[in-house]
Amino acid sequence: MRVDPATTRTLLHPDPQVQEVLDIWAARFLVGQIPLGDLTATLDRIDNWSDWGPEWVATAQVHEELGEQAWDEGRRISAVDAFLAAARSYHLAYFLSVDDERAHSDGLAKMLECHDRVLPFMEPPVEKISIPFPDADLSGLLSVPAKGGPWPLVLLLPGLDSTKETRHGGRGPFLRRGMAVLSLDGPGQGEISTKLPIRHDYEVAVSAAIDALGERDDIDTTRVGLNGASLGGYYACRAAAFEPRVTAAVANCGPYSWIDCWDELPEVTRGAFRQYSWSKSDEEAREKARALDLTGVADKITQPLVVVHGMLDPLIGVEHARRIAEEAPNATLLTVDDATHGVSNLGYKFAPWVDDWMAERLGARIT
Amino acid sequence: MTLELAFAPSEDPFVIVHGGFYRRWFSMIDEISELEAAVARLEGTTQDKWVPVWEEVGRRYEAEGDRLEEAGDFEGSRGAYLQAKTYYAIGRFPGEVSDVKKRISDDCARAYRKACAHLEPPMEVVEFEHQGKTIRAHFRAPRTEAPVPAVLIMCGADVFKEDRGWAQDMCIDNGMAALVMDGPGTGENPFPWAPESVSAWEAAVDYLAGRPEVDGEHVGAFGISRGGYSVMQLAGTAPEKLKAVVANAGHPFGYVMGDEELEEFVRVRNERATWRFGAPDDPPSFPSTSVEEERAEFSRWALSEQGILENITMPVLMLNGKHDHLAPIGNIYFMLETGPVTGKEARVYSDAGHCAFKYFDHWAPGTFRWLAEKLGTVTDGEP
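Residues numbered from 1 in each chain as written. Chains lettered and ligands numbered in written order. Predicted model: local features only at pLDDT ≥ 70, side-chain atom pairs only at ≥ 80, totals over all residues.

Draft legend 1. Just the overall build of chain B, in detail. Scanning chain B from terminus to terminus reveals 13 helices and 8 strands. On C-alpha atoms alone, chain B measures out to a radius of gyration of 20 Å, which is about the 21 Å that the 2.2 N^0.38 rule sets for 383 residues. Projected onto its principal axes, the C-alpha positions of chain B cover 55 × 55 × 45 Å. Out of the 383 residues belonging to chain B, those deemed buried represent 49%. Once local pairs closer than 6 in sequence are excluded, the contacts in chain B between residues at least 24 apart make up 67%. (Helix = DSSP H or I, 4+ residues; strand = E, 2+ residues; numbered from the N terminus. Rg over C-alpha atoms; globule rule 2.2 N^0.38 Å. Buried ≥ 20, exposed ≤ 12 C-beta atoms within 10 Å, placed from the backbone. Contact = placed C-beta atoms within 7 Å.)

Draft legend 2. Representation of the overall build of chain A within the structure. Helix and strand counts for chain A come out as 14 helices and 8 strands. Against the 2.2 N^0.38 benchmark of 21 Å for 367 residues, chain A shows a C-alpha radius of gyration of 19 Å, consistent with a compact globule. Expressed along its principal axes, the backbone C-alpha trace of chain A runs to roughly 50 × 50 × 40 Å. Burial analysis of chain A (367 residues in total) assigns 57% to the buried set. Within chain A, counting contacts between residues at least 6 apart in sequence, those at least 24 apart form 68% of the total.

Draft legend 3. Summary view of the domain arrangement of chain A. All names here are of chain A. Along its sequence, chain A is carved into domain 1 (11-120) and domain 2 (124-359). Computed from C-alpha atoms alone, the centre-to-centre distance between domain 1 and domain 2 is 23 Å. Each partner contributes to the interface: domain 1 provides 21 residues, whereas domain 2 provides 22 residues. No other element matches helix H1 (residues 16-31), which puts 8 residues into the side of domain 1 that touches domain 2. Here the residues of the side of domain 1 that touches domain 2 are counted per class, giving 11 nonpolar, 5 polar and 5 charged. (Domains from an automatic or database assignment. Nonpolar A, V, L, I, M, F, W, Y, C, P; charged D, E, K, R; others polar.)

Draft legend 4. Expanded view of the pairing of strand S1 (residues 124-130) of chain B. Residue and element names in this part refer to chain B. Of the pairings in the sheet, the one linking S1 to strand S2 (residues 133-140) comprises 7 bridges and is antiparallel in character. Looking at S2, one finds that Glu129 is bridged to Thr134. Hairpin connection, S1 to S2: the antiparallel pair is bridged by 2 residues, and Gln131 has positive phi, about 50°. (Pairing = 2+ DSSP bridges.)

Draft legend 5. Region of interest: the nonpolar core. Judged by nonpolar contacts, the single largest core of 208 residues is most densely connected at Leu155, Ala209, Cys237 and Ile324 of chain A together with Leu152, Leu179 and Ala204 of chain B. Of all the elements, helix H4 (residues 76-95) of chain A adds the most residues to this core, at 13 residues. Membership of the second largest hydrophobic core comes to 26 residues, among which are Val53, Cys108, Ala109 and Met123 of chain B. (Core = buried A, V, L, I, M, F, W, Y, C linked by C-beta atoms within 7 Å.)

Draft legend 6. View of the packing of helix H2 (residues 36-45) of chain A against helix H3 (residues 52-72) of chain A. Residues and elements named next belong to chain A. Between H2 and H3, whose axes approach to 9 Å, the crossing angle comes to 135°. By the angle between their axes, H2 is oblique relative to H3. Once H2 is placed against H3, the crossing between them reads as right-handed. Two secondary-structure elements touch here, H2 through Asp38, Thr42 and Arg45 and H3 through Glu55, Trp56 and Thr59. Tallied by class, the residues present in the contact of H2 with H3 amount to 1 nonpolar, 2 polar and 3 charged. (Axes fitted to C-alpha atoms, helices over the stretch in contact; angles between N-to-C directions. Parallel < 35°, antiparallel > 145°, perpendicular 65-115°, else oblique. Left-handed = near helix turned anticlockwise from the far one by under 90°.)

Draft legend 7. How the structure looks around the confidence of the model for chain B. Chain-level pLDDT for chain B is 95 on average; 97% of the residues reach the 70-or-more range. Within the model, pLDDT remains below 50 along residues 379-383 of chain B, and this stretch shows 8 contacts once partners closer than five positions in the same chain are excluded. (pLDDT = per-residue confidence, 0-100.)

Draft legend 8. Quick peek at the interface of chain B and chain A. On the side of chain A, 19 residues touch chain B, which itself brings 16 residues to the contact. In terms of residues, the side of chain B that touches chain A owes the most to one element, strand S8 (residues 344-349) of chain B, which gives 6 residues. Here the side of chain B that touches chain A is composed, by residue class, of 7 nonpolar, 4 polar and 5 charged. As defined by bridge partners, strand S8 (residues 331-336) of chain A adjoins S8 of chain B across 3 bridges and the pair is classed as antiparallel. By the bridge assignment, Thr335 of chain A is partnered in S8 of chain B with Ala346 of chain B.

Draft legend 9. Spotlight on the environment of Leu182 of chain A. All names here are of chain A. As for its placement among the helices and strands, Leu182 is situated in strand S4 (residues 180-185). Sequence separation between Leu182 and Asp47 is 135 residues, and the spatial gap between their C-alpha atoms is 38 Å. Not counting the four nearest positions on each side in its chain, Leu182 is found in contact with Gly140, Leu142, Leu153, Leu155, Ala209 and Leu213.

Draft legend 10. Layout of the domain arrangement of chain B. Residue and element names in this part refer to chain B. On domain assignment, one finds that chain B holds domain 1 (23-115) and domain 2 (124-254 + 302-375). Using C-alpha coordinates to define each centre, domain 1 is positioned 26 Å away from domain 2. Between domain 1 and domain 2, the contact holds 13 residues from the first and 12 residues from the second. Broken down by secondary-structure element, the contributors of at least two residues to the side of domain 1 that touches domain 2 are helix H1 (23-26), helix H4 (74-92) and helix H5 (99-115). A breakdown of the residues in the side of domain 1 that touches domain 2 according to their chemical character gives 8 nonpolar, 2 polar and 3 charged.

Draft legend 11. Geometry of helix H12 (residues 282-289) of chain A. Residue and element names in this part refer to chain A. Looking only at H12, the buried set comprises Ala285, Lys288 and Ala289. Down the axis, H12 shows its buried residues gathered within 105° of arc, on one side only. Buried residues along H12 sit against helix H10 (258-262) and helix H11 (267-276). (Arc of directions from axis to C-beta.)

Draft legend 12. Representation of helix H7 (residues 198-210) of chain B in the model. Residue and element names in this part refer to chain B. The terminal C-alpha atoms of H7, which comprises 13 residues, lie 19 Å apart, in line with the 18 Å expected from a rise of 1.5 Å per residue. Every buried residue belonging to H7 is among Ala200, Trp201, Ala204, Val205, Tyr207 and Leu208, and all of these are buried. Buried residues along H7 cover an arc of 160° about the axis, so they all sit on one side. Where H7 is buried, its residues contact S1, S2, strand S3 (148-154), strand S4 (177-181), strand S5 (214-224) and helix H8 (226-237). (Expected span 1.5 Å × (residues − 1).)

Draft legend 13. Summary view of the environment of Tyr87 of chain B. Residue and element names in this part refer to chain B. Summarising the element assignment, Tyr87 is placed in helix H4. Under the C-beta neighbour-count criterion, Tyr87 is labelled buried, with 29 such atoms within 10 Å. Through-space distance from the C-alpha of Tyr87 to that of Glu55 is 7.0 Å; in sequence the pair is 32 residues apart. Beyond its immediate chain neighbours, meaning those up to four positions away, Tyr87 contacts Trp54, Val57, Gly58 and Tyr61.

Draft legend 14. Fine view of unusual backbone geometry. In this model, Glu123 of chain A is joined to Pro124 of chain A through a cis peptide bond whose omega is -10°. Along the chain, Pro124 of chain A turns up in the loop between helix H5 (101-117) and strand S1 (127-131). Residue Pro121 of chain B is reached from Glu120 of chain B by a cis peptide bond, and omega for that bond is -5°. Along the chain, Pro121 of chain B turns up in the loop between H5 and S1.

Draft legend 15. The pairing of S4 of chain A, seen in detail. All names here are of chain A. The buried fraction of S4 amounts to 6 of the 6 residues, a majority that puts the element mostly inside the structure. Here S4 shows a buried face lined by Ala180, Leu182 and Leu184 and a second buried face lined by Val181, Ser183 and Asp185. In this sheet, S4 lies alongside strand S2 (residues 138-143) in antiparallel orientation, the contact comprising 5 bridges. Looking across to S4, one finds that Ser139 is bridged to Asp185. Where strand S3 (residues 151-157) and S4 come together, 4 bridges link them in parallel fashion. Within S4, the residue paired with Leu156 across the bridge is Ser183.

Here is the structure:
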């Protein structure tokens, strides 16, 4: 039951592929702190999809240059803000540009470079941690509430094309409620995407992350929540089903069955899955997509689970949310009218309640 | 009031749990200990043993209300009268099936009128005619210069309009007028519980839309339990009259239960049918049923069978607990995947039962904000 992406159209572009990307993700870009002025100015320079990556690189470079200038002048706070803005634009440059090898690899590298350069100076503090994992270590960004603890932990799980850097930008509501936050790059995600391909059994990544934090005095790994959006919603379900240390989980606009979505996904999304699953062809990607399925899994999620869904999601139909909520014994279902993928355009209608819900489940605070 | 109680879908009046018999009144009771004490005194459910227990609590609160009223503490008296009303309402359950029940129902209505005596803006008891019969309802509107959107608050099988004053209050708080009306076959609605009685609801919308305080182009509806069904039936029958609807725990919309689920549904209904709330020699207060009867009822009542499902294209908010033993949650899932996806919202709470009263504090304020948004009010939270 696919919703026409044009239903939530807010920005116009003559190129159909660019238009489709805007229809699906424009709200996400704005929520992800892409300035509206950057969005419109960059779009003005884009004639067709092949311009997407290079033009976002150009936009990122503006912020990067401002960052360099601020850095040279000793204005560290401004430099941090500018380099993070550059990282966000570099993410846009690379995240769906899978057919533009240069934009993709350069954009990913520059995103990490700009982000990590100012890592020691971020407020609230962010620590980059390495997570032991077979074949290649995973990576995470960790933030802990100020003094005290041990704090319960929320893992923010990226989806197909988001990364720990983009997800960690949303750490504030959890920290304010007294929860530590770990944004994870697992197999096929962000900087790990060149080292490990997507895995359907994402619980192995979550387990590794919990293990890696188990010795810390400031984190209580007996109280662990998961918050996953898009394909991260699938990952959250999968991990909750098989990792008993997970106390509660939130799945936002995740698929029950990725293959059931496949034929109606935009080309850029299928291309991204092809890229991050290390598939050599569309056919191989399609076969790998079959493994991302919660049949026989959702009913094993015994922890409290909130399933959130935007009724106008053009990627994942509401039937996926319904199937998860119906089969998971302790699932609460919240659907939001007029909301697109990830409920990005109307986050305020669910996020505060869900964050409080998570805080209560993990024994954190809501006041 | 958020209660720290266990959860168990149940119709046993001797047990106080979320999802159980007293769920209907939890949000209206100030002190759970008062309820627990009354339940502990119960020696039976037939009216000779049931009514006096609740009447005693109601009288006590009503006397307290009278005392506060006399002292000029109108806020205090309203609170006490509302408590009296609620305990009388429990005594009336499931309805005015005898003279004894009628008397405590009158007590309930009196206590509620007392509670509303000093309301600002005032509550007006109104009457309107339909097919030669008179329907009595409660109307309230914010004091504004221009007409405002309005909500028809539709009651169910065993909760009358006096117990939906909170919904009317929330409408006022969100800048909307509200008409609260008993469901067909209950209270002061003389129409029988029959599919055709949807015309009484239509008449109510017409009355509401015709009030000078109301913007008749922006009317919505809200219903719980049987009222949750009625609101959807009205939306499908007269879609041009409603701009948004909220259905809590409605059934049947069109979801077809599997054999096992239907058998369990029948078992639960028959378990409820063992309770007697009328005179000792009266039959059980709820009819027993069978799989065959439920299938026949589905054919008679389901929106899909009535051919009105496709008319429901206005914004719809559906609420319920996942473990509803009286209105299967499949109804909401069915509606989410039927017809246009635009305009549909759902809240299905995992550890809650019929009507999700355990999460009243979440869904109730959110519901009326949602209605205000869909009906086009702009409110600063002040009446």
